[in-house]
Amino acid sequence: MDTTTTAHLIGGPRDGSTLDVGGDALVEVEIDGMMHRYIKTTKQHDDGGPLYNYDGMVAPDGGEPGVEDPAARVASPRAEGHGGTH
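The model shown is predicted, which means the values in this text are computed figures rather than measured ones. (Residues numbered from 1 in each chain as written. Predicted model: local features only at pLDDT ≥ 70, side-chain atom pairs only at ≥ 80, totals over all residues. Heavy atoms only, no water.)

Caption draft 1: Layout of the nonpolar core. Counting 8 residues, the largest nonpolar core is built from Ala7, Leu9, Val21, Val27, Val29, Ile31, Tyr38 and Tyr52. Secondary-structure elements contributing two or more residues to this core are β1 (6-10) and β3 (26-31). Here this core takes 3 residues from β3, the largest share from any one element. Discounting chain neighbours no more than four positions away, the residues touching isoleucine 31 are Pro13, Arg14 and His36. (Core = buried A, V, L, I, M, F, W, Y, C linked by side-chain atoms within 4.5 Å. Buried < 20%, exposed > 50% of the residue type's maximum accessible area, 1.4 Å probe, protein only. Helix = DSSP H or I, 4+ residues; strand = E, 2+ residues; numbered from the N terminus. Contact = heavy atoms within 4.5 Å.)

Caption draft 2: Just the confidence of the model for the protein chain, in detail. Mean pLDDT over the protein chain: 77, with 66% of residues reaching 70 or higher. Mean pLDDT in the protein chain bottoms out at β3, which sits at 90, and peaks at β1, which reaches 93. (pLDDT = per-residue confidence, 0-100.)

Caption draft 3: Expanded view of the pairing of β1. Both β1 and strand β2 (residues 18-20) contribute to a ladder of 3 bridges, which runs antiparallel. The residue bridging threonine 6 from the neighbouring strand is aspartate 20, located in β2. As paired strands, β1 and strand β5 (residues 50-58) are joined by 3 bridges and run parallel to one another. Bridge pairing in β5 places isoleucine 10 opposite asparagine 53. (Pairing = 2+ DSSP bridges.)

Caption draft 4: Highlighting the side chain of histidine 8. Within the secondary structure, histidine 8 sits in strand β1. A relative accessible area of 11% means that histidine 8 is categorised as buried. Residues within four places of histidine 8 in sequence aside, it is in contact with Ser17, Thr18, His45, Asp47, Gly49, Pro50, Leu51 and Tyr52.

Caption draft 5: Local environment of the sheet that holds strand β4 (residues 34-44). Read across the open sheet, the 5 strands follow the order β2-β1-β5-β4-β3; overall the sheet is mixed. The two strands at the open ends of the sheet, each matched to only one other strand, are β2 and β3. Within the sheet, the average angular offset between the axes of one strand and its neighbour, ignoring direction, is 40°. Taken together, the 7 bridges between β4 and β5 define a ladder with antiparallel strand orientation. Directly across from glutamine 44, in β5, lies its bridge partner proline 50. (Axes fitted to C-alpha atoms, helices over the stretch in contact; angles between N-to-C directions.)

Here it is in structure tokens:
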């Protein structure tokens, strides 16, 4: 039995493109220094190739330092001790 490794990408910056994925469940495509993720679905293209849905963009190192300061977060009005009557 032959295994199709040419995936059809759905959504994102490479919508409608094909890519040799080798059967991986998650593929990442680098575009302009950012990683764009595509996740394998259970569906197949008309030619039998797997379909991969766009899952979003991430920095190659996993994040940007200093983007969020957890100490500066504001508690939700529904959080315990804040009434929660909204």
